[in-house]
Amino acid sequence: MFKFANDKWNSRQGFIIAYDKLEHFLGSFVLAYLLSLWVNPLLSAMTTFTLGFLWEIKDALYPYEVYCILGGDGFSYKDLAADYIGAMLYLCLYLYGLL
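Cut-offs used in this document
- Counting starts from 1 at the beginning of each chain's written sequence and moves along it residue by residue.
- Note on the predicted model: pLDDT of at least 70 is required for a residue's local features to be given, and 80 or more for side-chain atom pairs to be given and counted; whole-chain, interface and lining totals, by contrast, use all residues.
- Side-chain calculation: all heavy atoms of the structure are included, whereas hydrogens and water are not.
- Under the scheme used here, helices are H or I runs from DSSP no shorter than 4 residues and strands are E runs no shorter than 2 residues, and both carry numbers assigned from the N terminus.
- Here the globule rule is a power law, 2.2 Å times the number of residues to the power 0.38, and the radius of gyration is based on C-alpha atoms.
- Contacts were defined at the residue level, with two residues in contact if any of their heavy atoms lie within 4.5 Å.
- In short, Shrake-Rupley with a 1.4 Å probe defines the accessible areas, and a residue's cover is counted only from the protein chains shown.
- Multiplying one less than the number of residues by 1.5 Å gives the expected span of a helix.
- The cut-offs for exposure are 20% and 50% of the maximum accessible area for each residue type, with area from a 1.4 Å probe on protein chains only; residues under the lower value are buried, those over the upper are exposed, and the others partly exposed.
- Aromatic contacts are taken between Phe, Tyr and Trp rings whose centres are within 6.5 Å, Trp giving its six-membered ring; a plane angle under 30 degrees counts as stacked, one over 60 as edge-to-face, and the others as tilted.
- Over a ring means this: the NZ of a Lys or the CZ of an Arg is within 6 Å of the ring centre and within 35 degrees of the ring normal.
- Patch membership requires over 30% relative accessible area and the absence of a salt bridge. Like charges are linked within 9 Å, and nonpolar side chains (Val, Leu, Ile, Met, Phe, Trp, Tyr) within 5 Å.
- In the sections that follow, a salt bridge refers to a side-chain nitrogen of Lys or Arg positioned within 4 Å of a carboxyl oxygen of Asp or Glu.

**Things to note about the overall build of the protein chain**
Line of reasoning, step 1. Scanning the protein chain from terminus to terminus reveals 4 helices and 0 strands.
Line of reasoning, step 2. In the protein chain, the order of α-helices and β-strands from amino to carboxyl end is α-α-α-α.
Line of reasoning, step 3. The C-alpha atoms of the protein chain give a radius of gyration of 14 Å, which matches the 13 Å a tight globule of 99 residues would have.
Line of reasoning, step 4. Taking the principal axes of the C-alpha coordinates as reference, the protein chain spans close to 45 × 25 × 20 Å.
Line of reasoning, step 5. Here the analysis covers contacts within the protein chain between residues at least 6 apart in sequence; of these, 57% occur between residues at least 24 apart.
Line of reasoning, step 6. Surface accessibility of the protein chain: about 6,700 Å² in total, with carbon and sulfur atoms responsible for 71%.

Written out as structure tokens, the structure reads:
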């Protein structure tokens, strides 16, 4: 069953960093950068966002209560927005020669 998350923008449910959305933003930024060491920066940003989208689908289909750390609390468009902003910020900084 597909479930949507009921999270807040300032959610403190991060795994490594207290703020979940900041964790998504920084994780996507770093992942896009690391992937760009092997592939085209545009492809790295698109791949990063796609992985974030697939992770949210996984969170929607596999509940945390059943699958523990492999599950999630539902599809979060807020997490996905933070993933997108992180990947696109990397791409913009790269295109403007700032990285």
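**With respect to helix H4 (residues 77-95)**
Line of reasoning, step 1. The first and last C-alpha atoms of H4 sit 26 Å apart over 19 residues, in line with the 27 Å expected at 1.5 Å per residue.
Line of reasoning, step 2. Here H4 has its buried residues at Lys78, Asp79, Leu80, Ala82, Asp83, Gly86, Ala87, Tyr90 and Leu91.
Line of reasoning, step 3. Packed against the buried residues of H4 are helix H1 (20-36) and helix H2 (41-61).
Line of reasoning, step 4. In the stretch just after H4, Gly97 is the one whose phi turns positive, near 75°.

**Some details on the packing of aromatic side chains**
Line of reasoning, step 1. By the definition in use, this model includes 10 aromatic pairs.
Line of reasoning, step 2. Ring geometry for Tyr33 versus Tyr90: centroids 6.3 Å apart, planes at 70°, classification edge-to-face. A residue pair is termed long-range when its members are at least 10 positions apart, and Tyr33 in helix H1 and Tyr90 in helix H4 qualify at 57 residues.
Line of reasoning, step 3. Judged by its relative accessible area of 38%, Tyr33 falls in the partly exposed class.
Line of reasoning, step 4. Residue classification places Tyr90 among the buried positions, given a relative accessible area of 2%.
Line of reasoning, step 5. Within the aromatic cluster, the residues linked to one another by ring pairs are Phe2, Phe4, Phe53 and Phe75.
Line of reasoning, step 6. Stacked on the ring of Trp55, the Lys or Arg Lys58 has its end atom at 4.0 Å from the ring centre.

**Some thoughts on a nonpolar patch on the surface**
Line of reasoning, step 1. Residues Phe2, Phe4, Phe15, Ile16, Leu61, Tyr62, Val66, Tyr67, Ile69 and Leu70 make up a contiguous nonpolar surface patch of about 1,200 Å² in total accessible area.
Line of reasoning, step 2. On the basis of relative accessibility, which here comes to 59%, the residue Phe4 falls in the exposed class.

**Considering the side chain of Asp20**
Line of reasoning, step 1. Structurally, the position occupied by Asp20 is in helix H1.
Line of reasoning, step 2. Not counting chain neighbours up to four residues away, the residues in contact with Asp20 comprise Ser11, Gln13, Gly14 and Asp79.

**Some details on unusual backbone geometry**
Line of reasoning, step 1. In the Ramachandran plot, Cys68 falls in the positive-phi region, its phi being about 50° despite a non-glycine side chain.
Line of reasoning, step 2. Considering the arrangement of structural elements, one finds Cys68 in the loop between helix H3 (64-67) and H4.
Line of reasoning, step 3. A residue is classified by how much of its surface remains accessible, and Cys68, at 46% relative accessible area, is partly exposed.

**Focus: the environment of Tyr19**
Line of reasoning, step 1. Within the fold, Tyr19 resides in the segment before H1.
Line of reasoning, step 2. Separated by 69 residues in the primary sequence, Tyr19 and Met88 have C-alpha atoms spaced 20 Å apart.

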